[in-house]
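Here are the chains, one letter per residue:
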Amino acid sequence: MNTLALTKNTMTLPISQDASAASAKDQPLDIQTIVEELKQASQPVGNPFLDDPKFYTRDVDVFYNQVKQAIFGVDLDIGKNEVIAMIGPSGCGKSTFLRCLNRMNDTIDGCKVRGQLLLDGEDVYAKEQDPVLLRARVGMVFQKPNPFPKSIYDNVAYGPRIHGLTANRSELDDIVEESLKKAGLFNEVKDRLQAPGTGLSGGQQQRLCIARAIAVSPEVILMDEPTSALDPIATATIEELIDELRQSFTICIVTHSMQQAARISQRTAYFHLGYLVEVNETNKVFTNPQHRLTENYITGRFG
Amino acid sequence: MSNKTELVRASLAKRYAREKRFRFYGLASIVLSLTFLVILLTTIFMQGWPAFTQTYMQLEVNLSAEALGVESTASQEKLRAANYDAVVMNALNARFPGVTERKQKMALKKLVSSSAAYDLQKQVMDNPQLIGTQPTIWVMTDDDIDTYFKGKIDRTQAEADRRIKDFQLAWLDDLAAKGEIERRFNVPFFTSGDSREPEQAGILSALMGSFYTMLVTMTLAFPIGVAAAIYLEEFAPKNNPFVDFIEVNINNLAAVPSIVFGLLGLAVFIQFFGMPRSTPLVGGLVLTLITLPTIIIASRAALKSVPPSIRQAAYGMGASRVQTVFHHTLPLAMPGILTGTIIGMAHALGETAPLLMIGMVAFIVDIPHGITDPAAILPVQIYLWSDSPERAFTEKTSAAIIVLLFFLVMMNLLAVLLRKRFERRW
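Residues numbered from 1 in each chain as written. Chains lettered and ligands numbered in written order. Predicted model: local features only at pLDDT ≥ 70, side-chain atom pairs only at ≥ 80, totals over all residues.

(A) Representation of the overall build of chain A. A count of helices and strands for chain A gives 12 helices and 11 strands. Burial statistics for chain A: of 303 residues in total, 44% are counted as buried. Long-range pairs, those at least 24 residues apart, make up 69% of the contacts in chain A with a sequence separation of at least 6. (Helix = DSSP H or I, 4+ residues; strand = E, 2+ residues; numbered from the N terminus. Buried ≥ 20, exposed ≤ 12 C-beta atoms within 10 Å, placed from the backbone. Contact = placed C-beta atoms within 7 Å.)

Here it is in structure tokens:
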């Protein structure tokens, strides 16, 4: 898989002999050199570490079926109340890394995670750590809007119900209303809370999924390409929403759109081939990338 | 370029011809199978329809205290013991006076069903006021007479080849001419058990037997099958050789001939566990074994078809595995599971061979009242009747098949309705 993706990438790269593009950053990028170079680097370039982070990850390796390694030694801190965007070409491990953060990888057979992942100093992968509790603290929004085939109300009320967060119906009503308001959906659906959530438009469905995620008041929300299935207007609505949600939550977002990353995030992490290549403040990454892979990616040379 | 156009055009005719041919094959096979279905159903209905009616004969009986030998104030015991046979015989003699020959007297008695005397007894016991009156009652005719009035006996045949002789025909013509013969809806067919006398044979005992057997099968096979499917699909480790082994064996079990399950039931449930023979309990257990693989396979397919995004969403919300299954996956898979289950049950309802092995082929007159009473079941009843020599059992056989088909159609209808009811889009 990786090899294939790379061969393609190398093919789209400018041939180094071209006199016009003969700067130091445009050396031929053959697979061996890249991997060697990434292996040598002990930590990503830029600014991966923070004081008092929400998530603290060191040397995270992820394997699928014991043979295929998807992520190699990722070191990254994720700050409180920040939006961190994870970008990179397909198959670079950004989604896999995201799914490590709330142990969604547990549901995939043959997936092994190694290394240190701490949420507020607590080991996420510790034996006594309960994934159910973890996921109540670290919510998730998926690429394709996936509301439950239930009513809008029941979709949002599901989390508080299973976690037993409310004592009575009126409290639950309040949570549902508040979550839908936070997700900017309440005005559109307030008259039809009992209508099926699957009957909404794609953008509304995705906001419903966000409302569902924030109904349990998580500390972190993971978003895996939340707008890739939506049109530009719905995307804009969700981007605004993310900016507002930043006040109360830490948000990790995986995206294929560099413009989106630039618009909504404070920090950006660039992944390549399962390695975390560069992490920095978003404006630094996009205006002055430190690593030539990052530069190649953001200037559209590949990916 | 034009050469290519030519080539494509030349191949077009061939392609269209092929498509046309294929459509024709498809249509032809549908027409053919429909024809067979129509032939089958018409034959069964034509043969079975008459069984839903029964010929009755009018009889004026003398219920005087002398004739019966009891007073109207007598106890139920005494009323029961009275000689009703004689009353019926006397009534027949009175209707056809002058029959003296022994052979003809026998034939006269055989005009009415042997149940006539029992019917009379029941009427008198229910209403002792009848004693001392001369009521006109309708009694069931014998199966031969019934068959004749249903037009199944050809009176132009040589007398020696006929079940009904010339002198009997004369009686019957006389009865028919005076309006003393009537075709009525055959209530006893639905209210009585099996009998050696075709006109008295009913399907209620077989129906109840099938009902109890299905009850046992349903209560065992549905929860066990669905639970097994859920475990294998949602909880069992993937790529585990032991789990694979179990899966392969479940698929194999679905293909094992059902009579093998019957032998197993005989050896295990009856011989080893000492359960009673010919009972819906054992029948239901055996049918459970037969339907389990069907239900497991159908349920697993239904669970598998639930989009993974729903599971992801539930896990992402922090639902545990069990919550994910019971809140989301199972409700979404329910239409498929129910369809599979009902088809499995319909299959079990029509199953005969394994039940022969556990003794459900016995001749059972009594209507079972529980899962441990000896019982026959519908398909076995059909088998038994089709094996009987009396002409009248032919129509009973087809009538029982109609009843069985009716229940199968109802079950399939239920499957369709349930699927419609539970179907949700995502």
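(B) A look at the overall build of chain B. When helices and strands are counted, chain B shows 18 helices and 3 strands. For chain B, whose C-alpha radius of gyration is 31 Å, the value lies well above the compact-globule estimate of 22 Å for 426 residues. C-alpha atoms of chain B, sized along the principal axes, occupy 100 × 65 × 40 Å. Taken over 426 residues, chain B has a buried fraction of 35%. Restricting the contact set of chain B to residue pairs at least 6 apart, pairs at least 24 apart contribute 78%. (Rg over C-alpha atoms; globule rule 2.2 N^0.38 Å.)

(C) How the structure looks around the sheet that holds strand E11 (residues 275-281) of chain A. All names here are of chain A. Read from one edge to the other, the open sheet built from 7 strands follows the order E1-E11-E10-E4-E9-E8-E7, with strand pairing classed as mixed. The sheet is open, and its two borders are formed by strand E1 (45-46) and strand E7 (138-141), each paired with just one other strand. Sheet topology places E7 next to strand E8 (residues 220-224); 4 bridges connect them, and they run parallel. Residue pairing across strands places Met140 opposite Leu222, the latter belonging to E8. Here helix H8 (residues 202-214) sits on the sheet in contact with E7 and E8, set at roughly 170° to E7. (Pairing = 2+ DSSP bridges. Axes fitted to C-alpha atoms, helices over the stretch in contact; angles between N-to-C directions.)

(D) Fine view of the UniProt feature "transmembrane region" (unreviewed entry) in chain B. Residue and element names in this part refer to chain B. Cross-referencing UniProt, the feature "transmembrane region" (unreviewed entry) maps to residues 24-49, 211-232, 253-275, 281-303, 324-349 and 399-418 in the present numbering. For residues 253-275, the end-to-end C-alpha separation is 24 Å, with 70% helix and 0% strand making up the annotated structure. Within residues 281-303, the helical portion is 100% and the strand portion 0%, while the C-alpha atoms at the span's ends are 30 Å from each other. (UniProt positions renumbered as here; feature names shortened; annotations may be inferred.)

(E) Expanded view of the sheet that holds strand E2 (residues 136-140) of chain B. All names here are of chain B. One open sheet accounts for 3 strands, arranged E2-E1-E3; its pairing is antiparallel. Here the strands that pair on one side only, and so sit at the sheet edges, are E2 and strand E3 (181-185). Neighbour-to-neighbour, the strand axes of the sheet open up by a mean angle of 40°, direction not taken into account. As paired elements, strand E1 (residues 53-60) and E3 share 5 bridges and run antiparallel to each other. Residue pairing in the sheet places Thr53 in a bridge with Phe185 of E3.

(F) Just helix H1 (residues 2-48) of chain B, in detail. Spanning 47 residues, H1 of chain B covers 69 Å between terminal C-alpha atoms, matching the ideal 69 Å at 1.5 Å per step. Of all 47 residues that make up H1 of chain B, 1 are buried, and the element is exposed over most of its length. (Expected span 1.5 Å × (residues − 1).)

(G) Highlighting the domain arrangement of chain B. All names here are of chain B. Its domain assignment divides chain B into domain 1 (2-49), domain 2 (52-185) and domain 3 (204-422). One C-alpha centre belongs to domain 2, the other to domain 3, and the line joining them spans 46 Å. The interface of domain 2 with domain 3 comprises 5 residues on the first partner and 4 residues on the second. A class-by-class count of the residues in the side of domain 2 that touches domain 3 yields 1 nonpolar, 1 polar and 3 charged. (Domains from an automatic or database assignment. Nonpolar A, V, L, I, M, F, W, Y, C, P; charged D, E, K, R; others polar.)

(H) Focus on the interface of chain B and chain A. Each side of the interface is counted separately: chain B has 18 residues, and chain A has 20 residues. When residues of the side of chain B that touches chain A are traced back to their parent elements, those giving at least two are helix H14 (308-316) and helix H15 (321-349) of chain B. With 6 residues, H14 of chain B is the single largest residue contributor to the side of chain B that touches chain A. Considered class by class, the residues forming the side of chain B that touches chain A number 7 nonpolar, 8 polar and 3 charged.

(I) Representation of the nonpolar core within the structure. Met86, Ala211, Ile221, Leu222, Ile251 and Cys252 of chain A are the most contacted members of the largest nonpolar core, which totals 83 residues. Counting residues per element, this core draws most heavily on H8 of chain A, at 6 residues. Apart from residues no more than four positions distant in its own chain, Leu222 of chain A is found in contact with Leu98, Leu101, Asn102, Val138, Met140 and Cys252 of chain A. Counting residues in hydrophobic clusters, the runner-up holds 61 residues, among them Leu303, Met345, Ala375 and Ala399 of chain B. (Core = buried A, V, L, I, M, F, W, Y, C linked by C-beta atoms within 7 Å.)

(J) Quick look at the UniProt feature "domain: ABC transporter" (unreviewed entry) in chain A. As annotated by UniProt and renumbered to match this structure, "domain: ABC transporter" (unreviewed entry) occupies residues 55-298 of chain A. For residues 55-298 of chain A, helix accounts for 38% and strand for 26%, while the C-alpha atoms at its two ends are 26 Å apart.

(K) Quick look at the packing of helix H10 (residues 204-235) of chain B against H15 of chain B. Residue and element names in this part refer to chain B. Between H10 and H15, the least distance of the axes is 9 Å, while the angle of their chain directions is 140°. Viewed along their axes, H10 and H15 adopt a mutual orientation that is oblique. The crossing of H10 and H15 is right-handed. When H10 is examined against H15, the residues Ser210, Met214, Thr217, Met218, Ala221, Phe222, Val226, Ile230, Glu234 and Phe235 are found in contact with a partner set consisting of Arg321, Val325, Thr329, Leu330, Ile337, Thr341, Gly344, Met345, Ala348 and Leu349. For the contact of H10 with H15, the per-class residue count stands at 13 nonpolar, 5 polar and 2 charged. (Parallel < 35°, antiparallel > 145°, perpendicular 65-115°, else oblique. Left-handed = near helix turned anticlockwise from the far one by under 90°.)

(L) The arrangement of H14 of chain B in detail. Every buried residue belonging to H14 of chain B is among Arg311, Gln312, Ala313, Ala314, Tyr315 and Gly316 of chain B, and all of these are buried. Elements that come into contact with the buried residues of H14 of chain B comprise helix H4 (131-137) and E7 of chain A together with H15 of chain B. At the C-terminal side of H14 of chain B, Gly318 of chain B shows a positive phi close to 90°.

(M) Structural context of unusual backbone geometry. Residues and elements named next belong to chain A. Here Asp52, not a glycine, exhibits a phi torsion of approximately 50°, which is positive. Among the structural elements, Asp52 can be located in the loop between E1 and strand E2 (55-64). What makes Asp52 exposed here is the crowd of 10 C-beta atoms within 10 Å. Non-glycine residue Asp120 carries a positive phi angle of around 55°.

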